[in-house]
Amino acid sequence: MTATIALVDDDRNILTSVSIALQSEGFMTRMYSDGEAALKALTDNPPDLAIFDIKMPKMDGLELLRRLREKSRVPVIFLTSKDDELDEALGLAMGADDYIAKPFSQRLLIARIRAILRRTEPAATGETGANEAQVPLERGRLVMDPARHRVTWDGRPVTLTVTEFLILETLAQRPGIVKTRNQLMDAAYQDDIYVDDRTIDSHIKRVRRKFREADPTFDSIETLYGAGYRFSEE
(Lines give C-alpha, C1' and ligand atoms only; values in the text may rest on other atoms or scores of the structure.)
Protein backbone atom coordinates (compact mmCIF):
# COMPACT_ATOMS: atom_id res chain seq x y z
CA MET A 1 0.00 0.00 0.00
CA THR A 2 1.37 3.43 -0.95
CA ALA A 3 2.23 5.60 2.05
CA THR A 4 0.92 9.16 2.23
CA ILE A 5 3.23 11.89 3.52
CA ALA A 6 1.91 15.29 4.66
CA LEU A 7 4.27 18.25 4.21
CA VAL A 8 3.74 21.40 6.27
CA ASP A 9 6.03 24.34 5.48
CA ASP A 10 5.54 28.00 4.63
CA ASP A 11 8.38 27.80 2.08
CA ARG A 12 6.76 26.89 -1.24
CA ASN A 13 10.10 25.93 -2.76
CA ILE A 14 10.71 23.34 -0.07
CA LEU A 15 7.16 22.01 -0.35
CA THR A 16 7.48 21.57 -4.10
CA SER A 17 10.97 20.09 -4.17
CA VAL A 18 10.34 17.63 -1.33
CA SER A 19 6.98 16.62 -2.78
CA ILE A 20 8.54 15.88 -6.17
CA ALA A 21 11.32 13.85 -4.53
CA LEU A 22 8.86 11.81 -2.47
CA GLN A 23 6.55 11.18 -5.39
CA SER A 24 9.50 9.93 -7.44
CA GLU A 25 10.05 7.34 -4.67
CA GLY A 26 6.44 6.15 -4.87
CA PHE A 27 4.91 8.13 -1.99
CA MET A 28 1.71 10.15 -2.17
CA THR A 29 1.98 13.68 -0.79
CA ARG A 30 -0.26 16.38 0.62
CA MET A 31 1.02 19.93 1.04
CA TYR A 32 0.02 22.62 3.54
CA SER A 33 1.55 26.08 3.82
CA ASP A 34 0.83 26.72 7.50
CA GLY A 35 -0.05 24.90 10.70
CA GLU A 36 -3.62 26.15 10.95
CA ALA A 37 -4.46 24.87 7.48
CA ALA A 38 -2.83 21.53 8.24
CA LEU A 39 -4.29 20.72 11.64
CA LYS A 40 -7.86 19.90 10.65
CA ALA A 41 -6.78 17.91 7.60
CA LEU A 42 -4.25 15.90 9.60
CA THR A 43 -6.77 15.00 12.30
CA ASP A 44 -9.73 14.33 9.97
CA ASN A 45 -7.70 12.27 7.50
CA PRO A 46 -4.36 11.25 9.05
CA PRO A 47 -1.45 10.52 6.69
CA ASP A 48 1.05 7.73 7.30
CA LEU A 49 3.69 10.30 8.29
CA ALA A 50 3.98 14.09 8.51
CA ILE A 51 6.91 16.47 8.06
CA PHE A 52 6.69 19.82 9.86
CA ASP A 53 8.80 22.92 9.58
CA ILE A 54 9.17 24.53 13.01
CA LYS A 55 9.34 28.19 12.04
CA MET A 56 5.95 29.02 10.50
CA PRO A 57 3.50 31.92 10.83
CA LYS A 58 0.05 31.60 12.45
CA MET A 59 0.89 28.27 14.11
CA ASP A 60 4.45 26.99 14.36
CA GLY A 61 5.43 23.35 14.14
CA LEU A 62 5.72 22.86 17.89
CA GLU A 63 2.18 24.09 18.52
CA LEU A 64 0.91 22.04 15.59
CA LEU A 65 2.51 18.91 17.07
CA ARG A 66 1.10 19.65 20.53
CA ARG A 67 -2.42 19.98 19.21
CA LEU A 68 -2.06 17.04 16.85
CA ARG A 69 -0.90 14.77 19.69
CA GLU A 70 -4.18 15.43 21.49
CA LYS A 71 -5.92 13.42 18.77
CA SER A 72 -3.38 11.44 16.76
CA ARG A 73 -0.15 9.44 16.99
CA VAL A 74 0.81 9.93 13.35
CA PRO A 75 4.64 9.86 13.08
CA VAL A 76 6.21 13.32 12.70
CA ILE A 77 9.61 14.45 11.44
CA PHE A 78 10.66 18.01 12.22
CA LEU A 79 12.67 20.22 9.90
CA THR A 80 14.79 22.53 12.08
CA SER A 81 17.32 25.26 11.58
CA LYS A 82 20.87 24.04 12.09
CA ASP A 83 21.36 25.56 15.55
CA ASP A 84 17.85 25.16 17.00
CA GLU A 85 18.77 22.47 19.56
CA LEU A 86 16.17 23.79 22.01
CA ASP A 87 13.41 23.43 19.42
CA GLU A 88 14.66 19.95 18.61
CA ALA A 89 14.63 18.89 22.26
CA LEU A 90 11.15 20.32 22.80
CA GLY A 91 9.85 18.63 19.67
CA LEU A 92 11.18 15.21 20.65
CA ALA A 93 9.87 15.60 24.19
CA MET A 94 6.44 16.48 22.80
CA GLY A 95 6.30 13.35 20.68
CA ALA A 96 8.13 13.99 17.40
CA ASP A 97 9.76 10.88 15.96
CA ASP A 98 12.83 12.45 14.38
CA TYR A 99 14.30 15.72 13.19
CA ILE A 100 16.45 16.84 10.27
CA ALA A 101 18.44 20.07 10.24
CA LYS A 102 18.25 22.45 7.30
CA PRO A 103 19.80 22.43 4.77
CA PHE A 104 19.15 18.73 4.32
CA SER A 105 19.71 15.99 1.78
CA GLN A 106 16.48 14.75 0.24
CA ARG A 107 17.98 11.26 0.06
CA LEU A 108 18.61 11.41 3.80
CA LEU A 109 15.05 12.58 4.42
CA ILE A 110 13.68 9.68 2.39
CA ALA A 111 15.86 7.25 4.34
CA ARG A 112 14.53 8.60 7.65
CA ILE A 113 10.94 8.38 6.39
CA ARG A 114 11.39 4.74 5.42
CA ALA A 115 13.03 3.89 8.73
CA ILE A 116 10.10 5.36 10.68
CA LEU A 117 7.49 3.72 8.46
CA ARG A 118 9.19 0.34 8.89
CA ARG A 119 9.14 0.79 12.65
CA THR A 120 5.52 1.98 12.85
CA GLU A 121 3.95 -0.21 10.15
CA PRO A 122 3.15 -3.26 12.35
CA ALA A 123 1.20 -1.13 14.83
CA ALA A 124 -0.61 0.68 12.03
CA THR A 125 -1.63 -2.48 10.20
CA GLY A 126 -2.59 -4.48 13.27
CA GLU A 127 0.19 -7.04 12.80
CA THR A 128 0.87 -7.40 16.49
CA GLY A 129 3.16 -10.38 16.05
CA ALA A 130 5.94 -8.22 14.66
CA ASN A 131 5.82 -5.91 17.66
CA GLU A 132 5.64 -8.79 20.11
CA ALA A 133 8.89 -10.10 18.62
CA GLN A 134 10.57 -6.78 19.45
CA VAL A 135 11.21 -7.62 23.08
CA PRO A 136 12.91 -4.99 25.25
CA LEU A 137 16.70 -5.07 25.23
CA GLU A 138 18.27 -4.83 28.70
CA ARG A 139 21.97 -4.13 29.16
CA GLY A 140 22.82 -3.20 32.73
CA ARG A 141 21.11 0.11 33.44
CA LEU A 142 20.05 0.49 29.81
CA VAL A 143 16.60 -0.64 28.68
CA MET A 144 15.50 -0.24 25.06
CA ASP A 145 11.95 -1.05 23.93
CA PRO A 146 11.92 -1.12 20.09
CA ALA A 147 8.16 -1.69 19.85
CA ARG A 148 7.45 1.52 21.76
CA HIS A 149 10.63 3.38 20.79
CA ARG A 150 11.42 3.99 24.45
CA VAL A 151 14.80 4.19 26.13
CA THR A 152 15.62 4.44 29.83
CA TRP A 153 18.90 4.65 31.71
CA ASP A 154 18.73 3.62 35.35
CA GLY A 155 14.96 4.14 35.11
CA ARG A 156 15.25 7.65 33.68
CA PRO A 157 13.84 8.26 30.17
CA VAL A 158 16.21 9.28 27.37
CA THR A 159 14.67 10.68 24.20
CA LEU A 160 16.40 9.51 21.01
CA THR A 161 15.64 10.02 17.36
CA VAL A 162 15.01 6.96 15.18
CA THR A 163 18.56 7.12 13.81
CA GLU A 164 20.11 7.49 17.26
CA PHE A 165 17.97 4.61 18.53
CA LEU A 166 19.12 2.30 15.73
CA ILE A 167 22.80 3.14 16.30
CA LEU A 168 22.58 2.54 20.06
CA GLU A 169 20.56 -0.63 19.56
CA THR A 170 23.24 -2.00 17.21
CA LEU A 171 25.94 -1.32 19.79
CA ALA A 172 23.95 -2.64 22.75
CA GLN A 173 22.94 -5.89 21.08
CA ARG A 174 26.50 -7.18 21.47
CA PRO A 175 28.25 -5.50 24.41
CA GLY A 176 32.02 -5.42 24.16
CA ILE A 177 32.03 -6.03 20.41
CA VAL A 178 33.48 -3.22 18.32
CA LYS A 179 31.20 -1.89 15.58
CA THR A 180 32.82 -0.01 12.74
CA ARG A 181 31.35 3.18 11.40
CA ASN A 182 30.32 1.32 8.26
CA GLN A 183 28.38 -1.22 10.32
CA LEU A 184 26.62 1.56 12.19
CA MET A 185 25.83 3.28 8.89
CA ASP A 186 24.28 0.07 7.57
CA ALA A 187 22.11 -0.22 10.68
CA ALA A 188 20.90 3.38 10.68
CA TYR A 189 20.78 4.21 6.97
CA GLN A 190 19.24 1.63 4.74
CA ASP A 191 18.28 1.74 1.06
CA ASP A 192 21.83 2.51 -0.12
CA ILE A 193 21.96 5.96 1.45
CA TYR A 194 25.54 7.16 1.82
CA VAL A 195 26.70 9.20 4.79
CA ASP A 196 30.27 9.95 5.81
CA ASP A 197 32.11 9.07 9.02
CA ARG A 198 31.47 12.47 10.55
CA THR A 199 27.71 11.88 10.46
CA ILE A 200 28.03 8.75 12.61
CA ASP A 201 30.46 10.54 14.95
CA SER A 202 27.95 13.38 15.33
CA HIS A 203 25.16 10.96 16.22
CA ILE A 204 27.34 9.23 18.81
CA LYS A 205 28.21 12.60 20.32
CA ARG A 206 24.54 13.53 20.60
CA VAL A 207 23.62 10.15 22.13
CA ARG A 208 26.34 10.55 24.77
CA ARG A 209 25.16 14.08 25.55
CA LYS A 210 21.55 12.95 26.01
CA PHE A 211 22.55 10.11 28.35
CA ARG A 212 24.80 12.43 30.34
CA GLU A 213 21.84 14.73 30.87
CA ALA A 214 20.23 11.76 32.65
CA ASP A 215 23.46 10.60 34.27
CA PRO A 216 26.59 12.81 34.21
CA THR A 217 28.77 9.72 34.81
CA PHE A 218 27.55 7.88 31.69
CA ASP A 219 30.51 6.40 29.79
CA SER A 220 29.15 3.16 28.32
CA ILE A 221 29.81 4.07 24.69
CA GLU A 222 33.52 3.72 24.10
CA THR A 223 35.50 5.08 21.16
CA LEU A 224 38.26 2.89 19.76
CA TYR A 225 40.22 5.22 17.54
CA GLY A 226 40.72 3.80 14.08
CA ALA A 227 38.30 0.95 14.76
CA GLY A 228 34.86 2.23 15.76
CA TYR A 229 32.66 2.13 18.84
CA ARG A 230 31.47 -0.41 21.39
CA PHE A 231 28.96 -0.55 24.21
CA SER A 232 30.38 -1.45 27.58
CA GLU A 233 27.88 -3.21 29.82
CA GLU A 234 28.47 -2.54 33.49
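The written sequence of each chain sets the order in which its residues are numbered from 1. Local features are withheld for residues below a pLDDT of 70 in this predicted model, meaning they are given only at 70 or higher, and side-chain atom pairs are given and counted only at 80 or more; totals for whole chains, interfaces and linings count all residues. In computing side-chain values, all of the structure's heavy atoms are included and hydrogens and water are not.

Enquirer: Help me understand the sheet that holds strand 2 (residues 28-32) in this model?
Expert: Backbone-to-backbone hydrogen bonds pair the strands of a sheet. The strands run either parallel or antiparallel. With parallel pairing, 5 strands are arranged side by side in an open sheet as 2-1-3-4-5. Bordering the open sheet on either side are strand 2 and strand 5 (98-101), each of which pairs with just one other strand. This sheet shows a mean twist of 20° between the axes of neighbouring strands, independent of strand direction. Bridging between strand 1 (residues 4-8) and strand 2 involves 5 bridges; their strand directions are parallel. Paired with Leu-7 across the two strands is Met-31, which belongs to strand 2. Strand pairing follows a simple DSSP-based rule, namely that at least 2 bridges must link the two strands. Secondary structure elements are taken from DSSP: a helix is a run of H or I of four residues or more, a strand is a run of E of two residues or more, and numbering for both begins at the N terminus. Think of each axis as a best-fit line through the C-alpha atoms, taken over the contacting stretch in the case of a helix, with angles from 0 to 180 degrees between the N-to-C directions.

Enquirer: Would you mind showing me how to read the pairing of strand 11 (residues 228-231) here?
Expert: For a regular strand, side-chain orientation follows a simple rule: the groups alternate between the two sheet faces. As paired strands, strand 10 (residues 221-224) and strand 11 are joined by 4 bridges and run antiparallel to one another. Bridged to Ile-221 within strand 11 is Phe-231. The turn joining strand 10 and strand 11, which pair antiparallel and follow one another in sequence, is formed by 3 residues; a positive phi near 85° is taken by Gly-226.

Enquirer: Help me understand the sheet that holds strand 9 (residues 156-157) in this model?
Expert: Taken in spatial order, the 4 strands make up an open sheet running 6-7-8-9, and their pairing is antiparallel. If you trace the sheet from one side to the other, it starts and ends with strand 6 (137-139) and strand 9, each paired once. Strand direction decides the pairing type here: strand 8 (residues 150-153) and strand 9, joined by 2 bridges, are antiparallel. Bridging across to strand 9, Thr-152 finds its partner in Pro-157. Lying over the sheet, helix 7 (residues 162-173) contacts strand 6, strand 7 (142-145) and strand 8, oriented at roughly 120° with respect to strand 7. Whether two residues are in contact is decided by their heavy atoms: any pair within 4.5 Å suffices.

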